[in-house]
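Breakdown of the fold
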Amino acid sequence: MDAFPGRDFGRTGATSALADFELTSDSLFEVEYIAPPAAVSDFVTTLYAFRCDEKIFRDIQPASIGQLCIFPRGKGKMHFRGGYSDPNPEIALLTPLSTAVPIVVDGPFHAIGAALSPLGWAALTGLHAGQHSDRLVEANTLIGDSFDSLGRKLVDSYRDGTMSGRECALEIGEFIGRHAKPINPRHAALVRTVNSWLGSSLNPEMAALLESAAYSERQVQRLTERYFGLPPQALARKYRALRTAALMSFPQLTPEYEAEVGEVFFDQSHMIREITLFVGRTPARLSDDETPYLTEMIDPKNFRELDI
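Reference entry: report on the structure contained in this document. Source: prediction; values computed, not measured.

Let us look at the pairing of strand β4 (residues 67-79). Along any regular strand, the residues point their side chains to alternate faces of the sheet. Burial runs high along β4: ten of the 13 residues are buried. Bridging between β4 and strand β6 (residues 91-94) involves four bridges; their strand directions are antiparallel. Across the sheet, residue Gln67 finds its bridge partner in β6, namely Leu94. Sheet analysis places β4 next to strand β7 (residues 101-116), joined by nine bridges and oriented antiparallel.

This part takes up the pattern of salt bridges. Using the criterion set out here, one finds nine salt bridges in the structure. For Arg51, the salt bridge identified is with Asp53, shortest N-O distance 2.7 Å. A salt bridge links Asp156 to Arg152; the nearest nitrogen and oxygen atoms lie 3.3 Å apart. A residue pair is termed a helical-turn pair when its members lie 3 or 4 positions apart in one helix, as Asp156 and Arg152 do in helix α4 (residues 148-159) at four residues. Among the charged side chains, a salt-bridge network with shared partners connects Glu90, Arg152, Asp156 and Arg159.

One finds Leu68, Phe147, Ile172 and Ile176 to be the most contacted residues of the largest nonpolar core, which totals 62 residues. If we skip the residues at most four places from it in the chain, Phe147 touches Leu68, Cys69, Ile70, Ile91, Ala139, Ile172 and Phe175. Residues Cys69, Met78, Ala92 and Ile103 belong to the second largest nonpolar core, which totals 19 residues.

For Arg240, the position within the fold is in helix α9 (residues 232-248). C-alpha of Arg240 to C-alpha of Val264: the two residues are 24 residues apart in sequence and 8.4 Å apart in space. Contact partners of Arg240, with chain neighbours within four places excluded, come to Leu202, Asn203, Val264, Phe265, His270 and Glu274.

The end-to-end C-alpha distance of helix α11 (residues 268-279) is 16 Å, a good match for the 16 Å that twelve residues give at a rise of 1.5 Å each. Burial in α11 covers these residues: His270, Met271, Glu274, Ile275, Thr276, Leu277, Phe278 and Val279. Downstream of α11 by one or two residues, Gly280 has phi in the positive range, about 90°.

This part covers the packing of helix α6 (residues 185-200) against helix α8 (residues 217-228). Where α6 meets α8, the closest approach of the two axes is 10 Å, and the angle between their N-to-C directions is 85°. Classified by the angle their axes make, α6 and α8 are roughly perpendicular. Counting all contacts with α6, which are made through His187, Leu190, Val191, Val194, Asn195 and Leu198, the residues of α8 involved are Leu223, Thr224, Arg226, Tyr227 and Phe228. Considering only residue class, the contact of α6 with α8 consists of seven nonpolar, three polar and one charged.

Let us now look at the packing of α4 against helix α5 (residues 165-179). In the contact formed by α4 and α5, the axes pass within 10 Å of each other and the chain directions differ by 175°. Considering their axes alone, α4 and α5 lie roughly antiparallel with respect to each other. Each of Leu150, Lys153, Leu154 and Tyr158 in α4 lies in contact with α5, whose residues at this interface are Gly165, Cys168, Glu171, Ile172, Phe175 and Arg178. Residues of the contact of α4 with α5, tallied by class, amount to six nonpolar, one polar and three charged.

As a further point, take unusual backbone geometry. The linkage connecting Gly107 with the following residue, Pro108, adopts the cis geometry, with an omega of 0°. With respect to the helices and strands, Pro108 occurs in strand β7. Backbone geometry at Asp134 places phi at a positive 60°, although glycine is not the residue there. Structurally, Asp134 is set in the loop between α2 (118-125) and β8 (136-138). On the basis of relative accessibility, which here comes to 12%, the residue Asp134 falls in the buried class.

Conventions adopted
Residues numbered from 1 in each chain as written. Predicted model: local features only at pLDDT ≥ 70, side-chain atom pairs only at ≥ 80, totals over all residues. Heavy atoms only, no water. Buried < 20%, exposed > 50% of the residue type's maximum accessible area, 1.4 Å probe, protein only. Helix = DSSP H or I, 4+ residues; strand = E, 2+ residues; numbered from the N terminus. Pairing = 2+ DSSP bridges. Salt bridge = Lys/Arg side-chain N within 4 Å of Asp/Glu carboxyl O. Core = buried A, V, L, I, M, F, W, Y, C linked by side-chain atoms within 4.5 Å. Contact = heavy atoms within 4.5 Å. Expected span 1.5 Å × (residues − 1). Axes fitted to C-alpha atoms, helices over the stretch in contact; angles between N-to-C directions. Parallel < 35°, antiparallel > 145°, perpendicular 65-115°, else oblique. Nonpolar A, V, L, I, M, F, W, Y, C, P; charged D, E, K, R; others polar.

Here it is as structure tokens:
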């Protein structure tokens, strides 16, 4: 398996390593995005079925909340900013990502799953997102063995051709709906408040969040990290980069958006560093016609809870 470059990805070299990381051309793989059924739309932002039949697959996963997925083909590793790597198990849970993460796989590589919302992560796992971030693990290590039998059935059925990637993805979505645990209604209301706050501006003021939340500042800090994986100010920084990347992927920015983007970064180099760290690409590559996979990953519909 082709290794991740030997830079100090764990610390100051992270942004440079991501920018220099050689990627598999998007023309060499296919990805289908499937809208989640209405019954699970609060928990799942999108379902997906991905395939690349090349000998080596190399890409970068933008920072996200988490994914429940299966890997019926391909063995590889995700390389995290802490300097460690996790192999991809066949039946997997990707925990919330604080930054973009490179993945290198011996192909062919096929992946099918569900991208979780903050409520989806909490309802499925019941775990603190900040305390379980930046890992790719066997699903049963965090959610018990409830997904094992279905995951094995889906892997086998996909391999023998009796189920398509789309059918497997929909089954995963239905599993999440069946196993979602109730969320404290006040906590769910705070999650919606934080989503609205993140969507209100590329640089939202902490005071505005505290004014809208029915909690003390300390409680807001604690609960935001529990559900989103980061405290409010770090979360705003992450979503500023993701939302800016989504806007910059448009063929043309409106003057209003251009002005807003120009105001929230110190200078162009600051913007490049931030987008590269959280999205895994430099701004120049965001609107590239050769990167439809990335364009889909950062499409505004996948930030629907933020009202982009």
